[in-house]
Amino acid sequence: MCIRDRVSTQSTGNIRPIAMSCCCICVSTAEVAIIEKCGKFDRLGSPGCNCLNPLLCETVAHTVSQRVELLSMRCETKTADDVFVDIGVQVNLKVEDPQKAYYQLQDPPNQIKAYVEDSVRAMVPSMKLDEVFERKDVVADRIKTDLRENLTNYGYTIVSALVTEVEPEQQVKQAMNRKNAAVRLRQAAVDESEAEKIRVVKVAEANADAAALAGSGVARQRKEIVDGLRDAVKEFGESVEGTSSREVMNIVLMTQYFDTLKEIGAGGRCSTIFVPTAPSSVGNASNDFMQSMLNANLQSNAVLGQ
């Protein structure tokens, strides 16, 4: 915007009008105007309204933003194990000295990219592929340090440098995925085998415990039966005089025999069985049992006698 005024000055008694020009420019917030006079840097224009004098050839050469800018770039390089990778880098930078930033760098984005590529290719080739993935922060710190050393003299401040992506070739990625899958399958097979082993061991332990408990129960059952028979024989002999222990045992065995037949007949899922039902069979069974015991005692005495 230009403003023209008439200024009256007195010269030799006459009034002579003089035309003067003034131009105003508006600079946005977070920006700085580069003002030149006759093609030479004169001053910086701060945010707000700035007045220029066209008669002195004052012009705005450029406006420089002082916001934090983001530069995204990709660098291709090779690792120590001969794998080509494409590394994505993002640099956050800010202009601190607009005069140096405007006059000393011709193409800031490409020049900064050149510094980044040089830093990446100086460090990544000394690292293996796995190290590049694991130590991205080290690569980022190296980039930030190198940029800060080189760009400070040009009026830039490096806020941060981030390695956001490490992309190997597609065949290398597929090979890494297959390797990882094989390792996981092998570990899964080992875990499955261990689980099966534990299951078998636990089943065997459970069976052993069950058998031990069953044997203990049977032993206690038989002991109670023997104790009961002994008490029954003793009480029967005391109550009925002249009765021998053998006769009492025959009576007890016959009673158990009939109780067994009763339980078999009362069962809903029993099968048909044929057993001798004569009462004399109980005595025969008792005689056979007693004879077996006597034979066993005779054989035992013969062995001890030898």
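Before any of the text, the structure's been laid out above.
Residues numbered from 1 in each chain as written. Predicted model: local features only at pLDDT ≥ 70, side-chain atom pairs only at ≥ 80, totals over all residues. Heavy atoms only, no water.

Q: A description of the sheet that holds strand E8 (residues 84–95) should follow, citing residues and the corresponding values.
A: Taken in spatial order, the 3 strands make up an open sheet running E7-E8-E9, and their pairing is antiparallel. The open sheet is flanked by strand E7 (69–78) and strand E9 (156–168), the only strands paired with a single partner. When the angles between neighbouring strand axes are averaged without regard to direction, this sheet yields 20°. Sheet analysis places E7 next to E8, joined by 10 bridges and oriented antiparallel. Residue pairing in the sheet places Lys 78 in a bridge with Phe 84 of E8. Across the sheet, helix H2 (residues 108–123) touches E7, E8 and E9, and the angle it forms with E7 is around 40°. Sitting on the sheet, helix H4 (residues 136–151) touches E8 and E9, and the angle it makes with E9 is about 145°. (Pairing = 2+ DSSP bridges. Helix = DSSP H or I, 4+ residues; strand = E, 2+ residues; numbered from the N terminus. Axes fitted to C-alpha atoms, helices over the stretch in contact; angles between N-to-C directions. Contact = heavy atoms within 4.5 Å.)

Q: So what's going on with the nonpolar core? Which residues, and what values?
A: Soluble globular proteins tend to bury their nonpolar side chains together. In this structure, Val 89, Val 91, Val 116, Val 120, Ile 143 and Leu 147 are the most contacted members of the largest nonpolar core, which totals 32 residues. At the level of secondary structure, the elements contributing two or more residues to this core comprise E7, E8, H2, helix H3 (129–134), H4 and E9. No other element matches the 6 residues that E8 contributes to this core. Judged by nonpolar contacts, the second largest core, of 6 residues, contains Cys 23, Ile 25, Val 27 and Ile 35. (Core = buried A, V, L, I, M, F, W, Y, C linked by side-chain atoms within 4.5 Å. Buried < 20%, exposed > 50% of the residue type's maximum accessible area, 1.4 Å probe, protein only.)

Q: Now, about the packing of aromatic side chains: what can you tell me, with residues and values included?
A: The tally for this structure, following the rule as stated, stands at 2 aromatic pairs. Aromatic pair Phe 41 and Tyr 103: ring centres 5.8 Å apart, planes at 75°, arrangement edge-to-face. One end of the pair, Phe 41, is in strand E4 (residues 40–45); the other, Tyr 103, is in helix H1 (residues 98–104), with 62 residues separating them in the sequence. Here Phe 41 falls in the partly exposed class, since its relative accessible area comes to 23%. The class for Tyr 103 is partly exposed, based on a relative accessible area of 37%. An angle of 80° between the planes, with centres 4.8 Å apart, marks the rings of Tyr 102 and Tyr 103 as edge-to-face. (Phe/Tyr/Trp six-rings, centres within 6.5 Å; stacked < 30°, edge-to-face > 60°.)

Q: Could you give me a rundown of the side chain of Thr 79, with the residues and numbers involved?
A: Tracing the backbone through its elements, the reader meets Thr 79 in the loop between E7 and E8. For Thr 79, a relative accessible area of 1% puts it in the buried group. Beyond its immediate chain neighbours, meaning those up to four positions away, Thr 79 contacts Val 85, Val 124, Pro 125, Met 127, Lys 128, Leu 129 and Val 132.

Q: Explain unusual backbone geometry to me, and be specific about the residues and the numbers.
A: Residue Ala 30 is not a glycine yet carries a positive backbone phi of 65°. For Ala 30, the position within the fold is in the loop between strand E2 (14–27) and strand E3 (31–37). Ala 30 sits in the partly exposed class, given a relative accessible area of 26%. For Asp 82, which is not glycine, the phi torsion reads 60° and is therefore positive. If you trace the backbone, Asp 82 turns up in the loop between E7 and E8. Judged by relative accessible area, Asp 82 falls into the exposed class, the value being 57%.

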